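Overview (structure and organization)
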Amino acid sequence: MTYEKDLSIVISLYNEEESLPELINWIERVMASNGYKYEIIMVDDGSTDSSWKIVRELSEKNPHIRGISFRRNYGKSAALYEGFKAAEGRVVITMDADLQDSPDEIPELYRMVTEGGYDIVSGWKKQRFDNKLTKNLPSKLYNATARKVTGINLHDMNCGLKAYRNEVVKNIEVYGEMHRYIPYLAKNAGFGNITEKPVQHQKRKYGVSKFGLERFVNGFLDLISLWFLSKFGKKPMHFFGFTGILMFLAGGFMTIWIIAEKLIQQGRGVDFRPVAEQPMFYLALLAVILGVQLFLAGFICEMVSRNSQERNKYNIREEF
């Protein structure tokens, strides 16, 4: 497939009025010095300051700027989804609007995708200027967990500065708060040639961070959801049914054990506790009930999956 533009630069922004003119000037210098054919897609995620007004003013001076504005704040994933949908460049670059991502990194990111053949090149903020206690340490724990679960060896999964082949962003769906795991989404879609590049991290010059510590909790929950969907999204019975059978068998085994023990003691004339007075009996009963419920949940999930429009959606690499 041929593309009229070399680059689509997707910038999600929320209340970043001070940084936008400086960021666009910086990007324009980089684009001019490298002779790229490009577009800048600025997605305003429901800003309450004058960010959208500034985007309009900048677009009047630079015809390469395209703008998308949400009526309210939906989150970064929604902004990236709309930006990806609109992107027309051969390579799609994502970056934040707070000037902490350096546009000077764009030429090398572009080269690694076009010449290196990578599907995704993720930035790695090797030297960070954030607060070590509230951001750096939780980030390291978060990334170590993400590497273990996803099998993708990235040191900074959540870095906003990334480069993608256009085909990648057109074949993934970013929703909720899944922007943190775009490489994992891409891997599950069949784009596994992923690498990283150490990038320069700038100190925040204007405003304050829009993300708090809750993002790490939400990030872990989203990671569990993605892992489960990638493993059992099209075969839920394999999880719920298998787990249900194990619990049912465990409960049945405990019940047989209790009854057999009672009969043996009764046959020997030894005092014994009635079955209904033994704690293990109620644990066995609970295991049997939960096993049946999980098995039935597997059936229901399987019926939902079979009727889903996504049940036979596959990414085809090539066809002739």
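As a starting point, this report considers the structure included with it. Computed from a prediction, not measured in an experiment: that's the story for all the values here.

Considerations on the overall build of the chain
Counting its regular elements, the chain contains ten helices and seven strands. For the chain, the share of sequence-separated contacts (at least 6 apart) that also reach a separation of at least 24 residues comes to 80%. As displayed, the chain has an accessible area near 18100 Å², and 56% of this comes from carbon and sulfur atoms.

Remarks on the nonpolar core
Across soluble globular proteins, nonpolar side chains show a tendency to be buried alongside one another. With 34 residues, the main nonpolar core has Leu7, Met31 and Ile93 as its most contacted residues. Going through the elements one at a time, β1 (5–13), α1 (20–34), β2 (38–44), α2 (51–61), β4 (89–96) and α4 (106–114) are the ones with two or more residues in this core. Broken down by element, the residue count for this core peaks at seven residues, all from α1. Among all residues touching Met31, those that are not within four sequence positions of it are Leu7, Ile9, Tyr36, Tyr38 and Ile106. Listed in part, the 32 residues of the second largest apolar core include Ala86, Ile120, Tyr181 and Ala186.

What to know about the sheet that holds strand β5 (residues 120–124)
What holds strands together in a sheet is hydrogen bonding between their backbones, with the strands either parallel or antiparallel. Across the sheet, seven strands lie side by side as β3-β2-β1-β4-β6-β5-β7; this open sheet has mixed pairing. Either end of the sheet is taken by a strand with one partner, and the two such strands are β3 (65–69) and β7 (194–198). On average, each strand axis in the sheet is tilted by 20° relative to the strand beside it, whichever way the strands run. Strands β1, β2 and β3 of the sheet are contacted by α2, whose axis makes an angle of about 155° with β3.

Here we look at the pairing of β4
In terms of burial, β4 is a largely internal element, seven of the eight residues being buried. Here seven bridges tie β1 to β4, and the two strands are oriented parallel to one another. Considered in β4, the bridge of Ser8 is made with Val92. Pairing analysis gives four bridges linking β4 to strand β6 (residues 162–165), with the strands arranged antiparallel. Along β6, the bridge assignment pairs Thr94 with Lys162.

Remarks on the side chain of Ser19
Note that Ser19 resides in the loop between β1 and α1. Exposure remark for Ser19: the relative accessible area of 1% places this residue in the buried category. When neighbours within four sequence positions are excluded, Ser19 is seen to be in contact with Ala97, Asp98, Leu99 and Tyr206.

Details of α4
Considered for burial, the residues of α4 that qualify are Ile106, Leu109, Tyr110, Met112 and Val113. Taken around the axis of α4, the buried residues stretch over an arc of 160°, which confines them to a single face.

Description of the pattern of salt bridges
Close approach of charged atoms allows side chains with opposite charge to pair. Overall, the coordinates contain eleven salt bridges when judged by the stated rule. Across the pair Asp96 and Lys76 runs a salt bridge whose closest N-O atoms are separated by 2.8 Å. Linking Asp96 in strand β4 with Lys76 in helix α3 (residues 76–86), this pair joins segments that are 20 residues apart in sequence. Ionic pairing is found between Lys85 and Glu82, a salt bridge with its closest N-O pair at 3.4 Å. Note that Lys85 and Glu82 are positioned in helix α3 at a spacing of three residues, about one turn of the helix. Using a relative accessible area of 23% as the deciding quantity, one classes Glu82 as partly exposed. Shared partners join several salt bridges into a network, and the residues in it are Lys5, Glu39, Arg66 and Glu88.

Comments concerning the environment of Lys197
Positionally, Lys197 belongs in strand β7. Distance in space between the C-alpha atoms of Lys197 and Trp124 is 5.7 Å, their sequence separation being 73 residues. When neighbours within four sequence positions are excluded, Lys197 is seen to be in contact with Glu105, Glu108, Leu109, Met112, Val121, Ser122, Gly123 and Trp124. Looking at Lys197, its side chain comes within polar contact range of the side chain of Glu105, at 2.5 Å.

Some words on the packing of aromatic side chains
Taken as a whole and judged by the stated rule, the model has seven aromatic pairs. With 5.6 Å between their ring centres and 70° between their planes, Phe84 and Tyr164 make a pair best called edge-to-face. Note that Phe84 is positioned in helix α3 and Tyr164 in strand β6, a separation of 80 residues in sequence. Tyr164 matches Phe84 in its accessibility class, with the two residues each being buried.

Concerning the pairing of β6
The pairing of β5 with β6 spans three bridges and is classified as antiparallel. Opposite Ser122, over in β6, you have Lys162 as the bridge partner.

Concerning the side chain of Ser77
Secondary-structure assignment places Ser77 in helix α3. Classification of Ser77 as buried rests on a relative accessible area of 0%. A polar contact is formed between the side chain of Ser77 and the backbone nitrogen of Met178, at a distance of 3.1 Å. Not counting the four nearest positions on each side in its chain, Ser77 is found in contact with Val174, Tyr175, Gly176, Glu177, Met178 and His179.

Rules and cut-offs
- Residues numbered from 1 in each chain as written.
- Predicted model: local features only at pLDDT ≥ 70, side-chain atom pairs only at ≥ 80, totals over all residues.
- Heavy atoms only, no water.
- Helix = DSSP H or I, 4+ residues; strand = E, 2+ residues; numbered from the N terminus.
- Contact = heavy atoms within 4.5 Å.
- Areas by Shrake-Rupley, 256 points an atom, 1.4 Å probe, with all protein chains shown as cover.
- Core = buried A, V, L, I, M, F, W, Y, C linked by side-chain atoms within 4.5 Å.
- Buried < 20%, exposed > 50% of the residue type's maximum accessible area, 1.4 Å probe, protein only.
- Pairing = 2+ DSSP bridges.
- Axes fitted to C-alpha atoms, helices over the stretch in contact; angles between N-to-C directions.
- Arc of directions from axis to C-beta.
- Salt bridge = Lys/Arg side-chain N within 4 Å of Asp/Glu carboxyl O.
- Polar contact = N/O pair within 3.5 Å; in protein donor to acceptor, adjacent residues only side chain to side chain.
- Phe/Tyr/Trp six-rings, centres within 6.5 Å; stacked < 30°, edge-to-face > 60°.

The values reported here are purely geometric and, on their own, carry no functional implication.
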